[in-house]
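Structural characterization, general
Here's the letter readout for the chains.
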Amino acid sequence: MPGLLRGVARTAVVAGTATAVSNRVSRRQAGRWAQQEAEQQPVAAAPPPPPAPAPAAAPAADDMSTKIDQLKQLSTLKEQGVLTEEEFAEQKRRLLG
């Protein structure tokens, strides 16, 4: 059993290191691309357009339809064994408010 745990720990360290390196490389590359785009754009850029107005509130029927769909998804997760009966009841209580 200790050999198995050691192997799992080593895999976790390697995966974590690879993820950290990959993220750093991605950030560095994104920074380089942003710098190149900034150099290529003209100095006097047009101001950004104003933000779009907020959408109107959805009717109550759409809200009820959404809740029904969410309840169906929760029920499916419970049937698959992803949610316990207690977790299902808690999520249902939160959804129905």
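Look up: the structure comes first, before these words.
Here is a short report on the structure shown in this document. The shown structure was predicted, so the numbers you read here are calculated from the model rather than taken from an experiment.

A short note on the pattern of salt bridges
Counted under the stated rule, the structure contains 3 salt bridges. The salt bridge involving Arg93 is made with Glu90; its shortest N-O contact spans 2.7 Å. Pair noted here: Arg93 and Glu90 are both in helix 3 (residues 85-96), with a separation of 3 residues, about one helical turn. Residue Arg93 is classed as exposed on the basis of its relative accessible area of 53%. Classification of Glu90 as partly exposed rests on a relative accessible area of 29%. Taken together, the salt bridges that share partners define one network made up of Glu90, Arg93 and Arg94.

The rules behind the values
Residues numbered from 1 in each chain as written. Predicted model: local features only at pLDDT ≥ 70, side-chain atom pairs only at ≥ 80, totals over all residues. Heavy atoms only, no water. Salt bridge = Lys/Arg side-chain N within 4 Å of Asp/Glu carboxyl O. Helix = DSSP H or I, 4+ residues; strand = E, 2+ residues; numbered from the N terminus. Buried < 20%, exposed > 50% of the residue type's maximum accessible area, 1.4 Å probe, protein only.

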